[in-house]
Amino acid sequence: MGLFYCAYRRLNKPTAVRILRTAGLSTQSHHLTSESPYVRAFGSPNAEKLKGKDGDFLYFPDFFSQAEQETLLKLALWKLDRVDSRRRRRRRRKESTEPPQGPSVGSNNLQCMFDPSSDYGFEDGHFDSVITRYRESLITAFPNPSTIGAPSYSSILKRVYDLLPQSAGSELARDLYYDKVLPEGSPEISPALDQPFEQPLQTSTHALHLAPDGYILPHVDNVDASGTVIIGVSLGADRILRLEEATQDGPQLKIAHKGWDVLLNSGSLYIQKDSIRYEYAHSILPYGDESVWNNTQLVPGHRVSLMVRDIKPEVAS
């Protein structure tokens with residue numbers, strides 16, 4: 001994907017979305033019922049239902065710097081490409097004639113790090129028909145930074161893991177993370193944690209690459225396998241996350257078609273837990289009539305998300 005394409009996308013970025021960006025990183029969080037340029041209600045949701053539960057959904061629009069986004073995207077694409085047979089074949093044919101792709105100098109657009117959609121082995125449908133046009137992989141082993149041509153990502157991932165609520169499962173996850181992911185001798189490792197760790201990791205980290213024509217239908221993540229918390233990191237094109245009030249009626253999920261939309265920009269992070277985890281279906285809207293923010297159509301592009309979920313202790317054991 002050439003520099004002309006990257007420059008074109010920068011020039012054609014929707015103004016209404018671009019002006020929402022802040023000049024620097026911010027730890028300010030937004031919740032669903034607060035006044036926020038990143039959140040809007042649809043279908044007259046019941047705000048009283050969330051009274052006293054603001055912490056069940058928190059959104060940080062500028063959690064990662066541009067350099068951190070590039071590092072995390074390199075990590076995710078490295079893992080996704082390793083399990084994508086079409087991508088491996090095409091990469092072998094191209095490596096001898098094309099230099100590696102990366103962001104252009106001064107670019108804040110991660111689209112430059114992606115190749116055309118035809119180079120990827122996107123799946124047309126998920127096993128439960130929820131996701132269309134996607135690649136995905138669990139991240140169970142982390143490469144050396146030199147393998148992916150990126151600075152150390154340990155401290156970046158640590159910021160995500162540290163957002164897990166205090167629980168037995170999250171403590172196991174942090175301990176194993178410090179022991180297995182951070183390099184030996186790192187000042188971030190305490191001597192007590194610099195020992196082999198034999199207990200199971202009670203989180204799962206999942207990379208999902210959504211094609212420009214991909215989308216995710218309303219669903220509630222598996223309540224038997226996953227715990228109460230979902231952390232989502234967005235890298236790449238802007239997409240709209242929709243949260244809709246939902247109830248489980250036997251095997252059927254009944255959607256009330258009212259709730260909130262959240263503009264997920266690159267470098268953002270959200271935490272979804274408890275009432276928003278179980279009582280709301282979440283989806284990623286397709287580009288088109290509904291993917292409009294402040295009267296401006298979102299520009300289609302590739303998006304990679306990193307999802308961190310806690311796992312119930314009885315499932316992990």
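As the structure is a prediction and not an experimental result, all values here were calculated from the model.

## Structural notes on the packing of helix α3 (residues 66-82) against helix α5 (residues 154-161)
For any two helices packed against each other, the geometry is given by the interaxial angle and the distance between the axes.
Okay, so step 1: As a packed pair, α3 and α5 sit with axes 10 Å apart at the nearest point and diverge in direction by 90°. Taken as axis vectors, α3 and α5 run roughly perpendicular relative to one another. Counted together, Glu68, Thr71, Leu72 and Leu75 of α3 and Ile156, Leu157 and Arg159 of α5 form the full contact between these two elements.

## Some thoughts on the confidence of the model for the chain
When pLDDT is low, close inspection of the predicted coordinates is not appropriate.
Okay, so step 1: The predicted model of the chain has a mean per-residue pLDDT of 78, with 70% of residues at 70 or higher.
Okay, so step 2: Mean pLDDT across the elements of the chain ranges from a minimum in helix α2 (residues 15-18), with 42, to a maximum in strand β10 (residues 292-293), with 97.
Okay, so step 3: Note on residues 7-23: pLDDT is under 50 here. Beyond four places in sequence and across chains, it has 33 contacts.

## What to know about the nonpolar core
Okay, so step 1: Core analysis: the biggest nonpolar cluster contains 35 residues, and Phe64, Leu72, Leu73, Ile231, Val233, Leu269 and Leu306 have the highest contact counts within it.
Okay, so step 2: Those elements that provide at least two residues to this core are α3, α5, β4 (203-219), β5 (226-236), β8 (269-273) and β12 (303-311).
Okay, so step 3: Tallying contributions element by element places α3 first for this core, with seven residues.
Okay, so step 4: Those residues in contact with Leu306 that lie beyond four places of it in its chain are Leu72, Ala76, Ile139, His206, Ala207, Ile231, Gly232, Val233 and Leu235.
Okay, so step 5: Among the nonpolar cores identified, the runner-up in size contains 23 residues, and Val39, Val130, Tyr270 and Tyr280 belong to it.

## Side note on the packing of aromatic side chains
Okay, so step 1: This structure, assessed with the given rule, holds six aromatic pairs.
Okay, so step 2: A ring pair is formed by Phe63 and Phe64, whose centres lie 4.9 Å apart and whose planes are at 75°; its orientation type is edge-to-face.
Okay, so step 3: Looking at Phe64, the relative accessible area reads 2%, which means it is buried.
Okay, so step 4: Connected via pairs of aromatic rings, a cluster forms that spans Phe60, Phe63 and Phe64.
Okay, so step 5: Directly above the aromatic system of Phe42 lies the positively charged group of Arg242, at a separation of 4.0 Å from the ring centroid.

Parameters at a glance
Residue positions are given per chain, counted from 1 along the sequence in the order it is written. Local features in this predicted model are restricted to residues of pLDDT 70 or higher, and side-chain atom pairs are both shown and tallied only at a pLDDT of 80 or more, whereas totals for entire chains, interfaces and linings draw on every residue. Here the side-chain values reflect all heavy atoms present in the structure, with hydrogen atoms and water set aside. Axis definition: a line fitted to C-alpha atoms, over the contacting stretch in the case of helices. Angles run 0 to 180 degrees between N-to-C directions. Only DSSP runs of H or I reaching four residues or more are called helices, and only runs of E reaching two or more are called strands; each is numbered from the N terminus. If an angle is under 35 degrees, it is roughly parallel; if it is over 145, roughly antiparallel; if it lies from 65 to 115, roughly perpendicular; otherwise it is oblique. Whether two residues touch is decided by their heavy atoms; if any such pair falls within 4.5 Å, the residues are in contact. Known as pLDDT, the predictor's confidence for each residue is given on a scale from 0 to 100. Definition of nonpolar core: a set of buried residues of the types Ala, Val, Leu, Ile, Met, Phe, Trp, Tyr and Cys, connected through side-chain atoms within 4.5 Å. For every residue, the accessible area obtained with a 1.4 Å probe (protein chains only) is divided by the maximum for its type, and the residue is called buried under 20%, exposed over 50%, and partly exposed between those limits. Only centres within 6.5 Å qualify two rings of Phe, Tyr or Trp (six-membered ring in Trp) as a pair; their planes then separate them into stacked at under 30 degrees, edge-to-face at over 60, and tilted for everything else. Lysine NZ or arginine CZ positioned within 6 Å of the ring centre and within 35 degrees of the ring normal marks a charge as sitting over the ring.

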